[in-house]
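Spelled out, the chains give:
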Amino acid sequence: MKRSQALRRLEDWFAARGWRSLPFQRAMWRHYLAGESGLLHTPTGSGKTLAMFGGPLLQAMIDPPPAPRRASAVRPLQVLWVTPLRALASDTARALQTVIDGLGLGWQVGLRSADASNRERRQAREGRVDVLVTTPESLALLLSYPDTLPRMRQLRCVVVDEWHELLGNKRGVLLQLNLAVLRDAAPSLQLWGLSATLGNLAQARQVLLPDRPDAPIVQGVRSRPITVRSLLPAPGERFPWAGHLGLAQLPRVLDALMVARSSLLFTNTRAQAELWHQALAAVWPEDADTLALHHGSLDPALRQQVEDGLRAGALRCVVATSSLDLGVDFPEVEQVLQLGSPKGVARLRQRAGRARHRPGASGSILCVPSHALELAEYAAVRRALHEGVVEARRPPTLSLDVLAQHAASRALAGGFDSQALLDQVRRTHAFAALGDAQWQAVLEFIVQGGQALAQYPDFHKVVRDADGSYRMHDRRQALRHRLSIGTISSDGSVRVQFLRGGGLGAVEEQFASRLRRGDRFQFAGRLLELVQLRDMTAFVRLARGRGDGVVPRWQGGQLPLSMALGRELEAVLSGADDSAESGWLAPLLALQAQLSARPGASHLLVEDVRRREGQFLFVYPFAGRHVHEALAALLALRCARRQRNSIGYAVNDHGLVLAPAQAIELELPQWRALFSREHLLEDLREAVNLGELARRQFRGIARVAGLLVPSLPGGMPRSLRQLQASAGLLYDVLREHDPGHLLLALAEREVLHDSLDLPGLQQILDRIGTQALSLQQPASLTPLGFPLWAERLRGQFSNEDWRTRVQRAAQQLERRHGR
């Protein structure tokens, strides 16, 4: 078929659905038919899937028709579609099959992810699909089998969807390594990344396509306008300054939900999602089946039911976390609500894009504050959207634990030559700077675990054969390795399952270990009663009657405020904003100015507050929780050096507070010295007890690298306590007997760069060096200082509930200042 006929056929398919192809979609098709690779950058909901898939479809229609084949025949894979979310993988597979069937091409789309059925996995392994939709982890697993790569030598196209979600983490590093394998196996392979909401496009292209620096970046439609509205409290209404989950907003939220046909209510944590689903269920005026819950710890079958209900328009509201952030297509969703701070501009844009998810439709989001200062964050994110601010994603480099896992996979997939694999690995962005000594350390690690572990056979995974190739021969080691593939390091989990019935999902072992027989807890939108805990499974039944149950807490739930949003927030609080949110906050900000001063870009606000319980030093850089954690530890150390002292501290996204046991008197020059970048790394190492933090970081690194192996199927699962004990023991052994071990150095580097955000700390210290210091001595806690003071209370022992103490203190301040 000629190119013009194929194009007309595709355009006719569009027209049959009432659509017209867009200029950027046609541009993508031209680039693809010209044999190019590149990056497509276009907002969520603008039609990027069809923009990308149209090229391979046109090529298939232009090529001579293949010979007839049996359905069971092995067929060359045409398109490999990699996506970061399992929910997105299922949705994408469905969308691709729809257009294939509409054009009558006869291609079969397969799914290979953790949620795929056994039949789907078998089809993918046996090569009986033309298009395969998978995740980075499942691709790595597929490529660990010796017969996979030969079947992919005819692969024509790889698509990396939602590239911005993989760019800044180890999942993206693992994918870079496996893309290098595919590129070498199929030199004519075309590789395309699809991305939205990304601030460092040129670098994103470089990471994805390191061998094609001039690859095209195709810009899609302009970002669709996003309307940000806030659920404002009534004028003069008492509204908390800090320390709440926002449940006081329940009546307003319910009213907002009832005026839309279908809504998504996003929370930032799974625990908050469970609590809000529970609260809404208690007052839900319609059929209970129209209210649902979706988060990553729920059983795949339960998540699929919710996604199907959203597509069908059968659900009025779904309370969700980031599990539904990305480009899952739910055109029936009319409204999106964001509970609490969005934490970042890109995150809010992604979530707003879930409403009216179709080309040409504008986005909208209704923000629900849980306390007063979150209103300022909503005004800040609106400013950022207006100014086109988008956060950059920083790609990791030299993640040697991922490289060790990949090298073991290549050994398992038939073996590798050391120099050939090194050359291939160095062609990735993540390992372009890999040194010879580091590579030798990786080889030594996969062969014998390193010097200190060489005597233990369990760590002897890979063998160097007589021909010089590295291979994995032991079947037990092979099974353990395949069970370990991936970079998502989670805390030990306990499966939650009905005593008679199906599974509900998983909770962390730390939570499950505190439960006793008969205890009630809230999970998966149900009130459950624990019957027994056995073999890392919590067997439960529905609790009788009504009442409350404890809600699980998951680690890693606190996202830091992005630095880009922090700059806009500082501007809002300085008074450079006339939004409705700023209007409501005006009395509170006036009180801040009256007691102390407002923050601003030209100066750093520092408050010295003396109370009966002691001195409190507040600093407001607006750089996010991780940077403030490092800065607080640094300032505490440097203050303690000036005089013997014990200094506690607490942080939030807006700033930090130091609480010295003995009062500290600091003038402007002394404050300047505290914020100096001189000896920063040495001081930070001493300030944060880097050894202990690295010890905690080591467990995740050891799991990714394969040093901590999972139990084999049929064996007793290793509990979190066993894993922690093993990791701690391994860490101590290596520190004592092999202090130069590659994983020890990696743990320390990751603590500095990721947990403490050393680059962010350096950036904020540089900024402070250009600012004036506004040193204030308020007579009482200020509106900005109160949330930090409340945060500090969390770590103190008391026989009173933390929230009770915070509310009492807030009421005292309000009475004192007439608020």
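Owing to the predicted nature of the structure, the values given are computational and were not obtained by experimental measurement.

Thresholds, definitions, all that
Residues numbered from 1 in each chain as written. Predicted model: local features only at pLDDT ≥ 70, side-chain atom pairs only at ≥ 80, totals over all residues. Heavy atoms only, no water. Helix = DSSP H or I, 4+ residues; strand = E, 2+ residues; numbered from the N terminus. Buried < 20%, exposed > 50% of the residue type's maximum accessible area, 1.4 Å probe, protein only. Contact = heavy atoms within 4.5 Å. Areas by Shrake-Rupley, 256 points an atom, 1.4 Å probe, with all protein chains shown as cover. Pairing = 2+ DSSP bridges. Axes fitted to C-alpha atoms, helices over the stretch in contact; angles between N-to-C directions. Salt bridge = Lys/Arg side-chain N within 4 Å of Asp/Glu carboxyl O. Expected span 1.5 Å × (residues − 1). Phe/Tyr/Trp six-rings, centres within 6.5 Å; stacked < 30°, edge-to-face > 60°. pLDDT = per-residue confidence, 0-100. Core = buried A, V, L, I, M, F, W, Y, C linked by side-chain atoms within 4.5 Å. Parallel < 35°, antiparallel > 145°, perpendicular 65-115°, else oblique. Left-handed = near helix turned anticlockwise from the far one by under 90°. Polar contact = N/O pair within 3.5 Å; in protein donor to acceptor, adjacent residues only side chain to side chain.

A.B. asks: What am I meant to see in the overall build of the protein chain here?
C.D. replies: Secondary structure summary: the protein chain contains 31 helices and 25 strands in total. Taken over 819 residues, the protein chain has a buried fraction of 58%. If you take every contact in the protein chain between residues at least 6 apart in sequence, the share linking residues at least 24 apart comes to 75%. Counting every atom, the protein chain has about 33,600 Å² of accessible surface; 49% of that belongs to carbon and sulfur.

A.B. asks: Hey, could you run me through the sheet that holds strand β7 (residues 217-219) in this one?
C.D. replies: Strand pairing in a sheet takes place through backbone hydrogen bonds and is either antiparallel or parallel in direction. Read across the open sheet, the 7 strands follow the order β3-β4-β2-β5-β6-β1-β7; overall the sheet is parallel. The open sheet is flanked by β3 (109-112) and β7, the only strands paired with a single partner. Strand-to-strand twist in this sheet, taken as the mean axis angle between neighbours without regard to direction, amounts to 20°. By the bridge criterion, 4 bridges tie strand β5 (residues 157-160) to strand β6 (residues 190-195) in an arrangement that is parallel. From the neighbouring strand, Cys157 faces β6, where its bridge partner is Gln190. Sheet strands touched by helix α3 (residues 48-62): β1 (38-41), β2 (79-82), β4 (131-134), β5 and β6. Its angle to β2, the strand with the most contacts, is close to 160°. Those strands touched by helix α10 (residues 201-208) are β1, β5, β6 and β7, and its axis lies near 140° from that of β1.

A.B. asks: Mind showing me how you'd approach the pattern of salt bridges here?
C.D. replies: Between side chains of opposite charge, pairing is possible as soon as their charged atoms come close. Summed over the entire model, instances satisfying the criterion amount to 36 salt bridges. Salt-bridge contacts for Glu332 lead to Arg261; the nearest nitrogen and oxygen are separated by 3.3 Å. Of this pair, Glu332 sits in the loop between β11 (317-320) and β12 (335-339) while Arg261 sits in the loop between α11 (250-258) and β9 (263-266); the two residues are 71 residues apart in sequence, bridging distant segments of the chain. With a shortest N-O distance of 2.8 Å, Arg641 and Glu686 are connected by a salt bridge. Here Glu686 lies in helix α25 (residues 680-687) and Arg641 lies in helix α23 (residues 625-642), a separation of 45 residues in the sequence. Overlapping salt bridges bring together Asp91, Arg94, Asp308 and Arg311 as one network.

A.B. asks: I tried to follow the sheet that holds β12 on my own but got confused; where do I start?
C.D. replies: Spatially, the 6 strands line up as an open sheet ordered β8-β13-β12-β9-β11-β10, and their pairing is parallel. Two strands bound the open sheet, and with one partner strand each, they are β8 (226-230) and β10 (291-294). Looking at each pair of strands side by side, their axes are set apart by 20° on average, direction ignored. Two strands pair when backbone bridges link them, and β9 and β12 are joined in this way by 4 bridges, in the parallel orientation. Paired with Leu264 across the strands is Val336, a residue of β12. Sheet strands touched by helix α12 (residues 270-283): β9, β10, β11 and β12. Its angle to β10, the strand with the most contacts, is close to 175°.

A.B. asks: Any chance you could explain helix α15 (residues 373-387) here in plain terms?
C.D. replies: Because an α-helix completes one turn every 3.6 residues, residues spaced three or four positions apart along the sequence face the same direction. Over its 15 residues, α15 extends 22 Å from the first C-alpha to the last, a length consistent with the 21 Å expected when each residue adds 1.5 Å. Judged by how many residues are buried, α15 sits mostly within the fold: 11 of 15 residues are covered. All buried positions along α15 are accounted for by Leu373, Glu374, Leu375, Ala376, Glu377, Tyr378, Ala379, Ala380, Val381, Ala384 and Leu385. Looking one or two residues past α15, Gly388 carries a phi angle of roughly 75°, positive in sign.

A.B. asks: I tried to follow unusual backbone geometry on my own but got confused; where do I start?
C.D. replies: One can expect most non-glycine residues to show negative phi and most peptide bonds to be in trans. Phi is positive for Ala524, which is not a glycine, with a value near 60°. Within the secondary structure layout, Ala524 lies in the loop between β18 (520-523) and β19 (526-534). Look at Ala524 and you get buried, because its relative accessible area is 9%. Here Phe622, not a glycine, exhibits a phi torsion of approximately 55°, which is positive. Structurally, Phe622 can be placed in the loop between β22 (614-619) and α23. You can call Phe622 buried: its relative accessible area is 0%.

A.B. asks: Even after reading the chapter, I still don't get the side chain of His481, so can you show me in this structure?
C.D. replies: With respect to the secondary-structure elements, His481 resides in helix α19 (residues 475-484). For His481, a relative accessible area of 5% puts it in the buried group. Those residues in contact with His481 that sit more than four places away from it in its chain are Gln405, Ala408, Ser409, Leu412 and Met472.

A.B. asks: Can you walk me through the packing of aromatic side chains in this structure?
C.D. replies: Two aromatic rings are characterised by how far apart their centres lie and by the angle between their planes. One pass over the full model with this rule turns up 14 aromatic pairs. With a centroid separation of 5.2 Å and an interplanar angle of 10°, the aromatic rings of Phe416 and Tyr470 are classed as stacked. With a gap of 54 residues between them, Phe416 in the loop between α16 (400-412) and α17 (418-426) and Tyr470 in strand β15 (residues 470-471) connect regions that are remote in the sequence. For Tyr470, a relative accessible area of 7% gives the class buried.

A.B. asks: Help me understand the confidence of the model for the protein chain in this model?
C.D. replies: Any region with low pLDDT has predicted coordinates that should not be read closely. When pLDDT is averaged along the protein chain, the result is 87; 89% of the residues meet or exceed 70. For the stretch residues 795-802, pLDDT sits under 50, and the model shows 8 contacts to residues farther than four places along the chain or on other chains.

A.B. asks: Honestly, the pairing of β2 in this entry has me stumped. Any pointers?
C.D. replies: Across a regular strand the side chains alternate sides, sitting on one face of the sheet and then on the other. Neither face of β2 is exposed, since Val79 and Trp81 on one face and Leu80 and Val82 on the opposite face are all buried. Both β2 and β4 contribute to a ladder of 4 bridges, which runs parallel. In the strand pairing of β4, Trp81 is matched with Val133. As paired strands, β2 and β5 are joined by 4 bridges and run parallel to one another. Bridge pairing in β5 places Trp81 opposite Val159.

A.B. asks: Would you explain the nonpolar core in this entry?
C.D. replies: It is characteristic of soluble globular proteins that their nonpolar side chains tend to be buried jointly. Phe431, Phe675, Phe698 and Leu707 are the most contacted members of the largest nonpolar core, which has 88 residues in total. For this core, the leading source of residues is α23, giving 9 residues. When sequence neighbours within four positions are dropped, the list of residues in contact with Leu707 reads Phe445, Leu453, Phe459, Lys461, Phe698, Ala702, Leu730, Leu734 and Leu743.

A.B. asks: Before we go on, may I ask you to explain the environment of Phe330 in this structure?
C.D. replies: When you line up the elements, Phe330 lands in the loop between β11 and β12. Accessibility expressed as a relative area gives 1% for Phe330, which makes it buried. Sequence separation of Phe330 and Ala355 is 25 residues, and the distance between their C-alpha atoms is 7.8 Å.

A.B. asks: Looking at this model, I keep getting lost on the packing of α25 against helix α29 (residues 758-770). Mind explaining?
C.D. replies: To characterise two packed helices, one gives the angle between the axes of the helices and the distance between these axes. Across the interface, α25 lies against α29 with an axial gap of 12 Å and an inter-helix angle of 120°. Classified by the interaxial angle, the pair formed by α25 and α29 is oblique. Here the hand of the crossing between α25 and α29 comes out right-handed. Between α25, through Leu680, Leu681 and Leu684, and α29, the contact on the second element is made entirely by Leu758, Leu761, Gln762 and Leu765.

A.B. asks: Can you walk me through the side chain of Thr42 in this structure?
C.D. replies: The residue Thr42 is located in the loop between β1 and α3 in this model. Only 3.4 Å separates the side chain of Thr42 from the backbone nitrogen of Val221, close enough to count as a polar contact. Excluding its chain neighbours within four sequence positions, the residues that come into contact with Thr42 are Phe24, Lys48, Ser195, Ala196, Gly220 and Val221.

A.B. asks: For this particular structure, what's the right way to read the environment of Ser574?
C.D. replies: When you line up the elements, Ser574 lands in helix α21 (residues 563-574). In this structure Ser574 comes out as partly exposed when scored by relative accessible area, which is 31%. Counting along the chain gives 23 residues from Ser574 to Ala597, while the straight-line C-alpha distance between them is 9.0 Å.

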